[in-house]
Amino acid sequence: MDPQSEFALKDQRPKPPNKFVVFMRKIYRPLGFQKGYNFPLCEFPKQINGLLTNNILVIIFAGAMMGFTLARMSYLNIGGSAPSSFRKGAAPGEWYHYHTGAKRIGITLHLAGCLPAGFLMVWQFVPIIRHKFLLFHRINGYVIIVLVFICLAGALMIARTSFGGSLDVQTGVGVLAILVTGAIAMAYYNIKRLQIDQHRAWMLRAMFYLGTIITERIIQISSATIISSIGSYYQIQTCNEVAFQVGARAAAAMYPKDCPFGYTGNPHILVHASMTDVGPQSVGAALGLSFGMALWLAVFLHLIGVEIYLNLTPVEGERLRTVSYERQLEAGFKNPGSAGLTSDRWGDAPEWRPKRSESLSSTEAKVDGGDGTAR
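Residues numbered from 1 in each chain as written. Predicted model: local features only at pLDDT ≥ 70, side-chain atom pairs only at ≥ 80, totals over all residues. Heavy atoms only, no water.

**Structural notes on the confidence of the model for the chain**
Overall, the predicted model of the chain reaches an average pLDDT of 83, with 79% of residues at or above 70. Least confident of the elements in the chain is strand S2 (residues 51–53), whose mean pLDDT is 34; most confident is helix H9 (residues 167–192), at 96. This model gives residues 39–56 a pLDDT under 50, and the stretch forms 53 contacts once residues within four places in sequence are excluded. In the predicted structure, residues 357–375 sits below a pLDDT of 50 and forms 66 contacts with residues beyond four places in sequence or in another chain. (pLDDT = per-residue confidence, 0-100. Helix = DSSP H or I, 4+ residues; strand = E, 2+ residues; numbered from the N terminus. Contact = heavy atoms within 4.5 Å.)

**Some details on the state of the cysteines**
Following the criterion strictly, the structure yields 2 disulfides and no others. The disulfide that involves Cys-114 links it to Cys-151, with 1.7 Å between the sulfurs. Of this pair, Cys-114 sits in helix H6 (residues 101–121) while Cys-151 sits in helix H8 (residues 134–158), and the two are 37 residues apart along the sequence. Numbered by order of appearance in the sequence, the disulfide-linked cysteines of the chain pair as 1-2, 3-4. (Disulfide = S-S within 2.5 Å.)

**Topic: unusual backbone geometry**
Generally, phi is negative for residues other than glycine and the peptide bonds are trans, each holding for most cases. Not every positive phi belongs to a glycine, and Phe-163 is a case in point at roughly 50°. On the secondary structure map, Phe-163 appears in the loop between H8 and H9. Residue Phe-163 is classed as buried on the basis of its relative accessible area, which comes to 11%. (Buried < 20%, exposed > 50% of the residue type's maximum accessible area, 1.4 Å probe, protein only.)

**Regarding the packing of aromatic side chains**
A complete count under the given rule lists 8 aromatic pairs for this structure. Ring centres 5.6 Å apart and planes at 80° place the aromatic pair Tyr-75 and Phe-86 in the edge-to-face group. Here Tyr-75, found in the loop between helix H3 (56–72) and helix H4 (86–89), pairs with Phe-86, found in helix H4; they are 11 residues apart in sequence, far enough to count as distant. The pair Tyr-75 / Phe-86 is uniform in exposure class, with both members buried. With centroids separated by 5.4 Å and ring planes inclined at 65°, the aromatic side chains of Tyr-96 and Phe-244 adopt a geometry described as edge-to-face. (Phe/Tyr/Trp six-rings, centres within 6.5 Å; stacked < 30°, edge-to-face > 60°.)

Following this line, the structure appears as structure tokens:
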């Protein structure tokens, strides 16, 4: 053989993985992940030393979801006196609206739905659970759906007063509820039609939308700090809100003209928005003014982020569509491979045809094979 040709063949041989890749494989392969960019819910693939590995956003969207829900699980103690209860940990002024009545029911439903759902949803994306513990995967999926709907019902009940309840807050909560409900409905329909690739895509969308709250909190606190340094932002509150937080005499001392001691009715006052001013009402004003903007920006980022991830993993989508084809063909569906909501049936995409047939093991043939809840 020509020495130059032999040298060229050596250059084409795959390089052995570096130490970092070897180490990461020892972590994600026992969990059922076969590719680095899928561990766990990688959103943006990244090259390290020439090899595809997981990105830091992997941790944000999977680990952070678990960490956030575990850190807030104590909020299920709604009105307790413990320092970790929701009553003690809520933003200043929020407990005024939630301590009684319909809003108390709303916040209870919201937290009782969201926190367990956030904890359980992470396990739906671990392949080894889908393959080895199929019954858990299916039951867990249905439980998550019920919990999410309870969470959304509670969110809609408290939207009018949450962080001031301005129109941008109410519309943001409503839009997010529509997005999540629509995505779950699409995912549920597709898995009933054995359209696993679309089930995966829509469940990923639903879970990314639900993760908006984590990004929203980061933006909200950052924004509140910025407007505090600017110093020219104010929020309208009522005397009852301020007096509930600091007491009637303290409120009268802070706002003697608007909230004199023994005032009647419930006058409105301008509260300076600042994280550093004396008085919890100012901190609540800074957080309240930032909430609506932070919510909309977080929704936008998560809408874009999940679509980027789905478009960066077309091979996985194609593989699952082939699996869908085989299962739909076996079940006797019309249009196998496109029995669900696919673009070639409902849009102008070219008709899909299987490129190759995959042989599935008996276990793999029973699971959904995608990211999301069971059929």
